[in-house]
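One-letter residues, chain by chain:
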Amino acid sequence: MLELKNYQQRSLDDLQLFFHRCGEHGAKRAFIEQTERPYKTVKHFPDLPYVCLRIPTGGGKTLMAAHAVGIAAREYLQAETTVCLWLVPTNTIREQTLAALKSRAHPYRQALASRFASPVSILDLSEALSVQPGTLKGETVVIVSTLAALRVEETEGRKIYETAGALMAHFSEVSGQLSDVLEKNTDGTTPYSLANVLRLHRPVIVMDEAHNARTSLSFNTLARFNPSCVIEFTATPETTHDPEKGKFASNVLCHVSAAELKIEEMVKLPIRLETRPDWREVVSEALATREQLEAAATKEELATGEYIRPIVLLQAQPKHKTKETITVERLKQHLLDDCKIPEERIAVATGGTRELEDVNLFDRTCPVRFIITVSALKEGWDCSFAYVLCSVADIGAAKSVEQLLGRILRLPHARRKTQVELNSAYAFSASARFMDAAASLKDALVENGFERVESDQLVVQNTASQPTLFSGGNAGLFGEVVQTVPEVPNLDKLPDDLRQRVVYHRTNGTLTVIGAISSDEAKALEGAFTTTAGKEVAQKIFVAAGGKATFTSVVGRSFSVPLLTILQPGGQRELFEDQYLEQPWKLTDCDHELTTTDLPMEILAGQVGHLDLTKEGRVDIQFTRHLRQQLRLVGIEPGWDLPGLANWLDRQIPHPDISPSESRLFILRALERLHEIRNLTTEQLAQQKYRLREALSAKIDGHRRSQRAKAFQKLLFESADVIVNDTPLFCFHFQEGNYAPNWYYEGSYTFQKHFFPVVGELKPDGEEFDCAAFIDQLPEVEWWVRNLERKPHSAFWLQTPTDRFYPDFVAMLKDGRRLVVEYKGDDRWSNDDSKEKRQIGELWASASRGNCLFVMPNGRDLAAIQRVISNSC
């Protein structure tokens, strides 16, 4: 199964936490508590969870959606199976999604199936019209459709709402509460329709490319299926919320930045743009660039074995009645006659000509290197071999450039290439106005899900005065500096770390340097040249690397912070991570009784008690309870005994650190104790098995945390020698390319000392902002970094007994000491989590012997930061 990227896993973890909170508090409160943003209710389904995961183009939305179905079933519906209505915007995407999900070898199907113990069935609408009750009750069923096909004005849509004889068995035992949820005909009869089958089973709705379905009609259509929740996936969620005008904003639960996609090697960035006034010159440059890319691809295959055939997407102009345009036909003739391109290398993809159908562009024998389109290659067409976008129209005036741009962003095989040319995308425009073309490309990037602050740095200029696309001295957002050099440098003289980031291209006489370089590294680079002209180029590279914009150190060097290490028996020094987990412990030696605090049920009444809820909160909670109750009514509940229930619970609770024999015995003892002490029958326990799962999971986790805390304390504070010093191997290095915020500070205050020009994940007001501004203004501070949460490759961290601790701010003082600041409001300063963090932070500072400082200000007592700096001198 395809392993999730860090940002994908983090986003799905956020979704899982949200659904878990929905069961406790309802959707609105859960969203507000998790995001600290208002929840925008959609009138068509006011109570159910309706959230969006914002993932830029190339970020793997479909793979994440496949995982999300199981997360919703487990955490929100508390069901072993579910029905999912998977909606896509076009028939092309529908066909692709169906094919992928039906193939057991495809990563999407594997991801979906991994979340369920029962079988998974994938259906299109025609197949769903004859689905049998046993399938819906015993399997997870995913129905893939376009939203348009579900509308009643469509022929296929009408069938969904009409009686179908094959579906009558679903309604044979429906009565009472269940019959009330069914749609009725105007004459009061109940149609035995697929729509009503779905209403019974409360489908999870997955909305792929959700920005395409924002009208009131779309939401009315969704509401007819009585969904349990709606999960949107899109790069560009709707932000305007004006229900009176039929505009409904998405509730964005999490979003991913371009920097994260770049670090995870998912996309080609930056985009190198060149403009020429004549369209023939633009085509010529695009063809020349493709040839250079193919040469680079040949080297890549020799070095790594990976095959890439770079493809150019050529955007022609539509036909016009009154003026001459560069049409598809004219552009193809130019390629054939003037550029001497063999016809088998050209494919046309327009509404009327579909020469890419049934063509595998990844096949080594496929000859296609040029694809001509107008706007047909929009959502749904995907080939990571597409590297070059060439618009014979003025990109500044092209309306469909955002769709085409998304087609050249994916990096083949999601793996960075050794040939740096293959890590960028390329765009050419027939325009005399570079700024207009660049602005249009930036707008297109925003339309593909990137932040505006990122897009301003993602488009790199390449002017007509530069002889080749790879010879410009422009540094993009992620720090590749390319310069033409007058001689062949001797790169063997470079330090190993620098040598790995410097590439000389003999074909065009250019040198590429990846990442920021220090003044010492600049001197080493000068030493690789023998002539004065060569040494001057080395200085230019240093200036360019040190003066780059977003995500690049403004001082041209890395910022290192010592990590916490321990000396193991035998004298081996190790980074302190989770060595304490090696301490053995037995779950069966721990208390197994579930108290009324652990499991506050009113089983005999068949109800769940709720305390201290607002009226609105109670409505949300009742929605969740009624939803789960309805799903139990239409489900099949097996006969239970205590050992069988214990086995089921054991399978439902992840415990990789505990053997099955230990966990099953612990769970069985807990069930037997409930039976003996609280007089609960096996049937009553089975009816509440999902609540039992949560209670037992929490109980086991509590024992786990307690045991880990003891082992952590013993190892770190009693047994091991703790070391904190500047050994490079045991330092975290803030440097170009590894700072990847989800979102960016956009306040009016201009920070002067932040190590990166863009400050990540800091709100423009509030106590944390005040703390950041205080640090920024301290005269002792050379520079500082807004540390990022839950990103071990992008942030400094310290291990605690429960997880990794990512302090809020890390600073370098002018005297060379490092300062770590964790801000805590006075209402949280004394809680257990804060005590745990202070303990490890103070140990880290103490072990550094004065080279590192740690402080946790108590609320507004920011002067504590100044006192720590002054008192530790």
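Residues numbered from 1 in each chain as written. Predicted model: local features only at pLDDT ≥ 70, side-chain atom pairs only at ≥ 80, totals over all residues. Heavy atoms only, no water.

**Q** Quick one: what's the story with the packing of aromatic side chains, residue by residue and with numbers?
**A** With the rule as written, the count across this model stands at 30 aromatic pairs. On the basis of an interplanar angle of 25° and a centroid distance of 5.1 Å, the ring pair of F171 and Y192 is categorised as stacked. Here F171, found in the loop between α8 (155-161) and α9 (194-201), pairs with Y192, found in the loop between α8 and α9; they are 21 residues apart in sequence, far enough to count as distant. When its relative accessible area of 9% is taken as the criterion, F171 is described as buried. Ring centres 5.1 Å apart and planes at 80° place the aromatic pair F219 and F248 in the edge-to-face group. Placement of F219 in helix α10 (residues 216-223) and of F248 in the loop between β6 (229-234) and β7 (252-255) is noted, with a sequence separation of 29 residues between them. F248 shares its class with F219; the two are buried. Taken together, the ring pairs connect F559, F732, F734, Y739, F755, F756 and W783 into an aromatic cluster. In this arrangement the basic side chain of K689 is found over the ring face of W648, its NZ or CZ atom lying 5.6 Å from the centre. (Phe/Tyr/Trp six-rings, centres within 6.5 Å; stacked < 30°, edge-to-face > 60°. Helix = DSSP H or I, 4+ residues; strand = E, 2+ residues; numbered from the N terminus. Buried < 20%, exposed > 50% of the residue type's maximum accessible area, 1.4 Å probe, protein only. Lys NZ or Arg CZ within 6 Å of the ring centre and 35° of its normal.)

**Q** An account of the sheet that holds strand β20 (residues 573-575) is requested, with residue identities and associated values reported.
**A** In sheet architecture, strand pairing relies on hydrogen bonds along the backbone and comes in two forms, parallel and antiparallel. Here 3 strands make up an open sheet; going across it, the order is β20-β19-β21 and the pairing antiparallel. Because the sheet does not close on itself, it has two edges, and the strands there are β20 and β21 (721-723). Between one strand axis and the next, the sheet turns through 35° on average, direction left out of account. (Pairing = 2+ DSSP bridges. Axes fitted to C-alpha atoms, helices over the stretch in contact; angles between N-to-C directions.)

**Q** Describe the packing of helix α3 (residues 61-77) against helix α5 (residues 107-114), listing the residues and the values that go with them.
**A** Where α3 meets α5, the closest approach of the two axes is 7 Å, and the angle between their N-to-C directions is 20°. If you check the angle between α3 and α5, you find them roughly parallel. At the point where α3 passes α5, the crossing takes the right-handed sense. Along the contact surface, α3 presents T62, L63, A66, H67 and V69, while α5 presents P107, Y108, A111, L112 and S114. (Parallel < 35°, antiparallel > 145°, perpendicular 65-115°, else oblique. Left-handed = near helix turned anticlockwise from the far one by under 90°. Contact = heavy atoms within 4.5 Å.)

**Q** Could you give an account of the pairing of strand β18 (residues 559-562), with specific residues and numbers?
**A** Taking every second residue as pointing to the same face, both faces of β18 are buried, with F559 and V561 on one and S560 and P562 on the other. Strand direction decides the pairing type here: β18 and strand β22 (residues 731-734), joined by 4 bridges, are antiparallel. Looking across to β22, one finds that S560 is bridged to H733.

**Q** Any details on the pattern of salt bridges? Residues and values, ideally.
**A** Taken as a whole and assessed by the stated rule, the structure comprises 43 salt bridges. A salt bridge links D808 to R786, with the nearest nitrogen and oxygen atoms 3.7 Å apart. Separated by 22 residues along the polypeptide, D808 in the loop between β25 (804-805) and β26 (809-813) and R786 in strand β23 (residues 781-786) bring together distant segments of the chain. Judged by relative accessible area, R786 falls into the buried class, the value being 8%. Two residues, E822 and K837, come together in a salt bridge whose shortest N-O distance is 3.9 Å. Within this pair, whereas E822 is found in the loop between β27 (818-821) and α26 (832-847), its partner K837 is found in helix α26, the two being separated by 15 residues in sequence. Overall, E822 belongs to the buried group, its relative accessible area being 3%. Salt bridges linked by common partners bring D657, D701, R704, R705 and R708 together as one network. (Salt bridge = Lys/Arg side-chain N within 4 Å of Asp/Glu carboxyl O.)

**Q** Describe the sheet that holds β23, naming the residues involved and giving the relevant values.
**A** Read from one edge to the other, the open sheet built from 4 strands follows the order β23-β26-β27-β28, with strand pairing classed as mixed. One side of each edge strand has no neighbouring strand; the edge strands of this open sheet are β23 and β28 (852-855). Averaged over all neighbouring strand pairs, the angle between strand axes comes to 20°, with direction disregarded. As paired elements, β27 and β28 share 4 bridges and run parallel to each other. Residue pairing across strands places R818 opposite C852, the latter belonging to β28.

**Q** Tell me about the packing of helix α12 (residues 279-304) against helix α13 (residues 328-337), and name the residues and values.
**A** What describes two packed helices is the angle between their axes and the distance between those same axes. The N-to-C vectors of α12 and α13 enclose an angle of 55°; their axes lie 12 Å apart at closest approach. By the angle between their directions, the pair α12 and α13 is classed as oblique. α12 and α13 meet at a crossing whose hand is right-handed. When α12 is examined against α13, the residues W279, R280, V283 and L287 are found in contact with a partner set consisting of R330, L331, H334 and L335.

**Q** Can you lay out unusual backbone geometry for me, pointing to particular residues and giving the numbers?
**A** Look at the link from L269 to P270: it is a cis peptide, with omega at 0°. Along the chain, P270 turns up in the loop between α11 (258-263) and β8 (271-276). One non-glycine residue, D358, lies in positive phi territory at about 65°. Counting through the fold element by element, D358 comes out in the loop between β10 (346-349) and β11 (370-373). Positive phi is not limited to glycine here, since R849 has a value of about 55°. As for its position among the elements, R849 is in the loop between α26 and β28.

**Q** Any details on the environment of L525? Residues and values, ideally.
**A** Mapped onto the fold, L525 is located in helix α18 (residues 519-526). Exposure remark for L525: the relative accessible area of 1% places this residue in the buried category. Residues L525 and L498, 27 residues apart in the sequence, show an inter-C-alpha distance of 8.7 Å. Apart from the residues lying within four places of it in its own chain, the contact partners of L525 are L494, L511, V513, I517, A538 and I541.

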